[in-house]
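This is what each chain is made of:
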Amino acid sequence: MEFLKQLNLGASNAGASTGQQWLADDSAEQLAIHSPVNGELIAKVSLCTQAQYQQVIEQAQQAFVAWRQVTAPQRGEIVRQIGQALRDYKQPLGELVSYEMGKSLQEGLGEVQEMIDICDFAVGLSRQLCGSTMHSERPLHRMYEQYHPLGIVGVVSAFNFPVAVWAWNAMIAAVCGNVTVWKPSEKTPLTAIACQHILKDILVRNNLPEGVFSLVVGRGAEIGELMLDDKRIPLMSVTGSTRVGRHAGQKVAARFGKTILELGGNNAIIITPNADLKVAIPGVAFGAVGTAGQRCTTTRRVIVHESVYDKVKDALVGAYGKLRIGNPLDQNNHVGPLIDQASVQAFSAALDKVQAEGGKLLCGGEVLSGEGYASGCYVKPAIVEAENHYQMVQEETFAPILYLIKYSGDVQQAIDLQNDVAQGLSSAIFTQNLLEAEQFLAHWGSDCGIANVNIGTSGAEIGGAFGGEKETGGGRECGSDAWKAYMRRQTNTINYSTALPLAQGIKFDL
Ligand code: UN1
């Protein structure tokens, strides 16, 4: 476990930090973090107390006053240095992500790469926080808009992307002039603590005040609730289940705060008779079993035309037969464990329920035991023949279950099936037919935030805006103009005449 040392993690770690400083409280409750890889204790973390939370928020408020005075390109320079440090720590941080969360090392490293990529993006963005200039209807008047920082951005991240989601939010927020308070998942706090250690040197070297990047490790029901209710946090960016997001969205809205919600997905791939199956089959397999089915972009449904249905079914079952399941740090394995045994139970329960509804299990579904599987978190990814309206198919089970659904009509029928779920994150079609592809991308096509052609549903690049519609929450993070959600827009009209003409031609003579 060389990576633990390289990342400065001890046997016990403080769970609250204002950047450079760790806040210690001997009476704080300690959380023991066990790896889903082998069940072993990795380290302990003390939970942030309520008093520490108040201290963090007050410090963050003060830091904001200083940080917003730093010019945006200079803030970009700090983010550039963070990107450089992440390059230096890519290997150990990727290993820790893999060990604490359970995803394959390739995907752990990929996650750190997403952090590096968003740093690069944010550096460029720091010189492009542009508003528009518009023509005024009044003579000798100028109108334009500008974007100002908001203040404290609260980031609640989930276990499945324990570090990248924070970076997407924190790096964009930082160049926009905001400070960030991060509450990572209680299931994966060590990766968050490691990131905080990586930042520390940069904050010290650049003489930055405490509170620009803060961390609070705590329970959702306690620290999470404090954040949702806290008027000092104008924007909450929440990644999690639809249930969590519905609650968070309502609470923050009640105090007129802003939210970016990144919630559940129920992502489908459509395979038409015109698909190149050499490309489609690995696309479906990676989408369905990558991160052991625990990405919000995981492929959960594959909607296949009847003319190629049996071929696709056989090819997928064949591909699943080749999956190597085991220690995710061993690069020979494709699939690691689920995050914990509760997730394993949810996987098994969903398979029981969908079979009771009429679903037919084609392969997988077993919980693995014996050598190498001691944590009890390893399962064999499952494929189930099912119908779209089944209750289990309509729900997001955060585990590797792929529902195989047949369609017999034209591509619109497949698109309608795809859209007929409550969630709207990611979607894809495999076809070499231009008409089908364009229909899928049309406004009467996929209703998701992400719609791909001839690539799978997961693995989005950071350059685009990431997020989805309907019960996925509507938030957008990462690239394009997603940065605008981290700023407040101000419209400015300047009169440089010696008269006071009113808009809409109103006369008001005194
Ligand atoms: C998530 O699962 O919460 O598109 C994020 C992807 C990754 C991000 C997933 N870039 O799969």
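Residues numbered from 1 in each chain as written. Predicted model: local features only at pLDDT ≥ 70, side-chain atom pairs only at ≥ 80, totals over all residues.

In this structure, what is going on with the overall build of the protein chain? I would like to understand it.
The helix and strand inventory of the protein chain stands at 15 helices and 23 strands. Relative to a compact globule of 510 residues, whose C-alpha radius of gyration would be 24 Å, the protein chain shows 24 Å and is just as compact. The dimensions of the protein chain, computed from C-alpha atoms along their principal axes, are 80 × 60 × 40 Å. Looking at the protein chain as a whole, 53% of its 510 residues qualify as buried. Pairs at least 24 residues apart make up 74% of the contacts formed inside the protein chain by residues separated by at least 6 positions. (Helix = DSSP H or I, 4+ residues; strand = E, 2+ residues; numbered from the N terminus. Rg over C-alpha atoms; globule rule 2.2 N^0.38 Å. Buried ≥ 20, exposed ≤ 12 C-beta atoms within 10 Å, placed from the backbone. Contact = placed C-beta atoms within 7 Å.)

I tried to follow unusual backbone geometry on my own but got confused; where do I start?
Most peptide bonds are trans, and most residues other than glycine sit at a negative phi. Of note in this structure, cysteine 478 is not a glycine but carries a positive phi near 75°. For cysteine 478, a count of 26 C-beta atoms within 10 Å gives the class buried. Its identity as a non-glycine residue notwithstanding, glutamine 504 has a phi of 60°, on the positive side. Residue glutamine 504 is classed as exposed on the basis of its C-beta count, with 6 C-beta atoms lying within 10 Å.

Please explain helix 4 (residues 90–101) as it appears in this structure.
Because an α-helix completes one turn every 3.6 residues, residues spaced three or four positions apart along the sequence face the same direction. Look at helix 4: 16 Å from first C-alpha to last across 12 residues, which is about the 16 Å you get at 1.5 Å a residue. Burial analysis of helix 4 places 10 of its 12 residues in the buried class, the great majority of the element. Residues Pro92, Leu93, Gly94, Glu95, Leu96, Val97, Ser98, Tyr99, Glu100 and Met101 constitute the buried set of helix 4. In this fold, the buried residues of helix 4 make contact with helix 1 (2–6), strand 3 (30–34), strand 4 (41–46), helix 5 (105–125) and helix 7 (189–205). After helix 4 finishes, the residue glycine 102 shows a positive phi value of roughly 105°. (Expected span 1.5 Å × (residues − 1).)

When you look at the UniProt feature "active site" (unreviewed entry) in the protein chain in this model, what are you seeing that I'm missing?
According to UniProt, the positions carrying the feature "active site" (unreviewed entry) are Glu262. By the element assignment, glutamate 262 lies in strand 11 (residues 258–262). A count of 30 C-beta atoms within 10 Å places glutamate 262 in the buried class. The contacts of glutamate 262, once residues within four sequence positions are left out, are Thr239, Cys296, Gly467, Gly473, Gly475 and Glu477. (UniProt positions renumbered as here; feature names shortened; annotations may be inferred.)

Whenever I open this one, the sheet that holds strand 15 (residues 382–385) confuses me. Can you help?
Hydrogen bonds between backbone groups are what pair the strands of a sheet, and the pairing can be parallel or antiparallel. If you walk across this open sheet you meet the seven strands as 14-15-16-13-12-18-19, and the pairing is mixed. The open sheet has two free edges, formed respectively by strand 14 (360–363) and strand 19 (450–453), since each of these has just one partner strand. Direction aside, neighbouring strands of the sheet carry axes that sit 25° apart on average. Alignment of strand 12 (residues 267–271) against strand 18 (residues 426–430), held across four bridges, turns out to be parallel. Each residue of the ladder has a partner; that of isoleucine 270, found in strand 18, is isoleucine 429. Docked against the sheet, helix 12 (residues 341–356) engages strand 14, strand 15 and strand 16 (401–407), running at close to 25° with respect to strand 16. Here helix 15 (residues 434–441) sits on the sheet in contact with strand 12, strand 18 and strand 19, set at roughly 175° to strand 19. (Pairing = 2+ DSSP bridges. Axes fitted to C-alpha atoms, helices over the stretch in contact; angles between N-to-C directions.)

I'm lost on the sheet that holds strand 2 (residues 16–17) in this one. Help?
With mixed pairing, the six strands of this open sheet are ordered in space as 2-9-8-7-10-11. Each edge of the open sheet is held by one strand with a lone partner, namely strand 2 and strand 11. Sheet strands in contact with helix 6 (residues 164–175) are strand 7 (152–156), strand 8 (179–183), strand 9 (213–216) and strand 10 (235–239), and its direction is about 165° off that of strand 8.

How should the environment of phenylalanine 3 be read in this particular structure?
Tracing the backbone through its elements, the reader meets phenylalanine 3 in helix 1. Residues phenylalanine 3 and glycine 94, spaced 91 residues apart in sequence, show a C-alpha to C-alpha distance of 9.1 Å. Those residues in contact with phenylalanine 3 that sit more than four places away from it in its chain are Pro92, Glu95 and Leu96.

Would you mind going over the nonpolar core with me for this structure?
The tendency in soluble globular proteins is for nonpolar side chains to be buried as a group. Of all hydrophobic cores here, the largest spans 156 residues; its most connected members are Ile118, Cys119, Ala122, Met171, Ile172, Val302 and Tyr486. Ranked by the residues each element gives to this core, the list is headed by helix 6, at 11 residues. Leaving out residues up to four positions away in the same chain, isoleucine 172 has contacts with Ala122, Leu125, Ala482, Trp483 and Tyr486. (Core = buried A, V, L, I, M, F, W, Y, C linked by C-beta atoms within 7 Å.)

Mind showing me how you'd approach helix 11 (residues 306–321) here?
End to end, helix 11 covers 23 Å across 16 residues, agreeing with the expected 22 Å (1.5 Å per residue, within 8%). Val312, Leu316 and Tyr320 are the residues of helix 11 that are buried. The elements touched by buried residues of helix 11 are strand 12, helix 10 (277–289), strand 13 (299–305), strand 14 and strand 15.

I'm lost on the site of the ligand in this one. Help?
Around the ligand lies a shell formed by Glu114, Asn160, Phe161, Val165, Thr239, Arg295, Cys296, Thr297, Ser458, Gly459 and Ala460. The class makeup of the residues in the shell around the ligand is four nonpolar, five polar and two charged. (Near = placed C-beta within 6 Å. Nonpolar A, V, L, I, M, F, W, Y, C, P; charged D, E, K, R; others polar.)

How should the confidence of the model for the protein chain be read in this particular structure?
Per-residue confidence for the protein chain averages 98 on the pLDDT scale, and 100% of its residues sit at or above 70. In the predicted complex, the global pTM is 0.98; the interface-specific ipTM is 0.97. (pLDDT = per-residue confidence, 0-100.)

Sorry if this is basic, but what is going on with the UniProt feature "domain: Aldehyde dehydrogenase" (unreviewed entry) in the protein chain here?
Taking the numbering used here, the UniProt-annotated feature "domain: Aldehyde dehydrogenase" (unreviewed entry) corresponds to residues 22–491. With 40% helix and 20% strand, residues 22–491 has end C-alpha atoms that lie 40 Å from one another.

Explain the environment of glycine 283 here, please?
In this structure, glycine 283 sits in helix 10. Taking the C-alpha atoms as reference, glycine 283 lies 9.0 Å from isoleucine 269; in sequence the two are 14 residues apart. If we skip the residues at most four places from it in the chain, glycine 283 touches Ile269, Phe430, Ile455 and Gly456.

What should I look at first to understand the packing of helix 10 against helix 11 in this one?
For any two helices packed against each other, one specifies the inter-axial angle together with the distance between the axes. Direction vectors running N to C along helix 10 and helix 11 enclose 50°, while the axes themselves pass 10 Å from each other. Considering their axes alone, helix 10 and helix 11 lie oblique with respect to each other. Taken as a pair, helix 10 and helix 11 cross one another with a handedness that is right-handed. From helix 10, Leu277, Ile281, Val284 and Ala285 reach across to helix 11, where they touch Lys311, Val312, Ala315, Leu316 and Ala319. Taken together, the residues of the contact of helix 10 with helix 11 break down into eight nonpolar, no polar and one charged. (Parallel < 35°, antiparallel > 145°, perpendicular 65-115°, else oblique. Left-handed = near helix turned anticlockwise from the far one by under 90°.)

Is there a simple way to think about the pairing of strand 6 (residues 141–149) in this case?
Successive side chains on a regular strand alternate, one facing one side of the sheet and the next facing the other. As judged from the three bridges shared by strand 5 (residues 133–135) and strand 6, these two strands associate in the antiparallel manner. Counted as the bridge partner of methionine 134 is methionine 143 from strand 6. Here strand 5 folds back onto strand 6 in antiparallel fashion, the turn holding five residues, of which leucine 140 has a positive phi close to 50°. Across nine bridges, the pairing between strand 6 and strand 23 (residues 487–495) is antiparallel. Within the sheet, the bridge partner assigned to glutamine 146 lies in strand 23 and is glutamine 490.

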